[in-house]
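Chain by chain, the residues:
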Amino acid sequence: MLTYLGIIMVLIGITIFIIKPFFKESKTLHKFTRQRNISMIIIGLVMSVISGMFFYAEPGTAYAVQYPWGSQKAVVHQGIHTKMWGRLIPIQFELPIKYVIPNKKNELGEQSKYANVDKAKYWAFSDAVKARIATSVVISINTADQDQFLSVADRNKTEKNLIRSRIIPNIDQSIKNTCKLMDAQDYISGQASDFDRYFKDQLENGMYVLEEFIANENRETIGDSATVRTIVNKESKQKRFRIKYEDGEPVREKGNSLGGYGLTVVQAVVTEIDWEPEFDKRLQLQKEEVAQTQLEKQQAEREFYRAQKETARGEAEKAAERARLEKEQIQKTIEAETKAKVAEFNLIEERKNYEVAQFKAKTQKTMADAQSYENAKLVTAGLTPQERAEWEYKTSVNVAKQLKDLKLPEIYIQDGGKQSSDNNLLQSLIGADLAKKMMSQKTSKE
């Protein structure tokens, strides 16, 4: 820009020098004095020289500088560098490329502000279902190998040509090949991650070579994702493709890889898919069928668990009844055993009592024999023991009665010697009573 502006200033100054003598009466030309013209020409020369000799490298951008004499160099660092009126080919370190699904007004929205944004295209899956696929791809250039970078810049001339002629065709080919490898039904049934993996692998390492095979099966998902039923249709001749392998490695197309241009795939993902209306209707029907199947499955499971509950309840009641009967049986058994034990203990007790009674009887007999022997001896002596015991009893009773009514005499007679023994107590008392009576008779006579 400065170069062009400087050249214009130089041309204007030279033109004024040339035409000014012919328009001496022009007031406008008189304002451009000789000194001003020379200053403008000098400034224009300086501007064109400076802008032609130097340029400013912006951050995040690599430059291929092609000099007029045929040599070139790579500039990958920001700052002021020499250009020497050469040609610049700027290329960003990372090139973002997006396919965006437009809105209802066929507009890209805010994403249209960014560079390298295009509308998503329709692609056909192997089951002929079409969809617009929105992708987000980020490509990184190789700045470490300057020779390769300069070769890519020289062959493509501009960054836009590199994107349009090299990168976008590879993206489209990768999406096309990946769509051939699966049905739309497979994609929504859990193979979306496989789609991203195939897509990125082909961009990095080259396009797969696909081989065709005949599939006589039409797989449909009925119920939840874990239930897959296979419907065999021999009349169906749907063409299907798969990756061709050799020695366990996929066969790739030669010379069709971004790696050959020193480009690295930083990101390659599918951000959104807009299915065609017919397939959307089919999906809605499938969702309703899945919901109905799930409802029926839940009802079946409810009935199953209800039956299990009834069975468990019956088993619990059976177990409770068995426990009750076993308890009664155990109680009766314990009672019977207890009675048997008690009877056994009673038998032992009776046996012991019998033995004790027998022993007592023997003891009494022995004592009776001994008493009989003693009585026999006493009879032999003149007084039976019974008679002697009876006499002693009567004597003790009479003595006790007399002692009860006895009043001690005022006169106590004692032998002149030592006191009488217990056997002479009665005699002493009788004597004392007689002495008292005798005294009372004497008093009455007087």
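Residues numbered from 1 in each chain as written. Predicted model: local features only at pLDDT ≥ 70, side-chain atom pairs only at ≥ 80, totals over all residues. Heavy atoms only, no water.

### Some remarks on the overall build of the protein chain
Helix and strand content of the protein chain: nine helices and 16 strands. Looking at the protein chain residue by residue over its 446 residues, the buried ones come to 26%. Put simply, 69% of the contacts in the protein chain that link residues at least 6 apart link residues at least 24 apart. Here the protein chain has roughly 31800 Å² of accessible surface; of this, 55% comes from carbon and sulfur atoms. (Helix = DSSP H or I, 4+ residues; strand = E, 2+ residues; numbered from the N terminus. Buried < 20%, exposed > 50% of the residue type's maximum accessible area, 1.4 Å probe, protein only. Contact = heavy atoms within 4.5 Å. Areas by Shrake-Rupley, 256 points an atom, 1.4 Å probe, with all protein chains shown as cover.)

### What to know about the nonpolar core
If you look at the biggest cluster of nonpolar residues, it comprises 51 residues, and the most contacted ones within it are Phe125, Ile133, Ile167, Ile171 and Trp275. If one sorts the elements of this core by residue count, helix α5 (residues 159–180) sits on top with seven residues. For tryptophan 275, the residues in contact, after removing those within four places along its chain, are Phe125, Val129, Lys130, Ala131, Ala184, Tyr187, Ile188, Asp280 and Leu283. Membership of the second largest hydrophobic core comes to six residues, among which are Tyr63, Val65, Tyr67 and Val75. (Core = buried A, V, L, I, M, F, W, Y, C linked by side-chain atoms within 4.5 Å.)

### Describing the packing of aromatic side chains
Inspection of the entire model under this criterion finds 10 aromatic pairs. Judged by centre distance (5.5 Å) and plane angle (90 degrees), the rings of tyrosine 187 and phenylalanine 195 are edge-to-face. An aromatic cluster of three or more residues is present, and its members are Phe125, Tyr187, Phe195, Trp275 and Phe279. Above the ring of phenylalanine 241, the side-chain terminus of lysine 180 is found at 5.3 Å from the ring centroid. (Phe/Tyr/Trp six-rings, centres within 6.5 Å; stacked < 30°, edge-to-face > 60°. Lys NZ or Arg CZ within 6 Å of the ring centre and 35° of its normal.)

### Details of the UniProt feature "transmembrane region" (unreviewed entry) in the protein chain
Here the UniProt-annotated "transmembrane region" (unreviewed entry) positions come out as residues 6–23 and 38–57. With 80% helix and 20% strand, residues 38–57 has end C-alpha atoms that lie 32 Å from one another. (UniProt positions renumbered as here; feature names shortened; annotations may be inferred.)

### Overview of the confidence of the model for the protein chain
Of all residues in the protein chain, 74% have pLDDT values of 70 or greater, and the mean over the chain is 78. Put simply, strand β12 (residues 228–232) is where the protein chain has its lowest mean pLDDT, 48, and strand β2 (residues 61–66) is where it has its highest, 93. Per-residue pLDDT stays below 50 along residues 221–228; that stretch engages in 10 contacts with residues further than four places along the chain or on separate chains. With pLDDT under 50 throughout, residues 417–422 is counted as low confidence; its partners more than four residues away or in other chains account for two contacts. (pLDDT = per-residue confidence, 0-100.)

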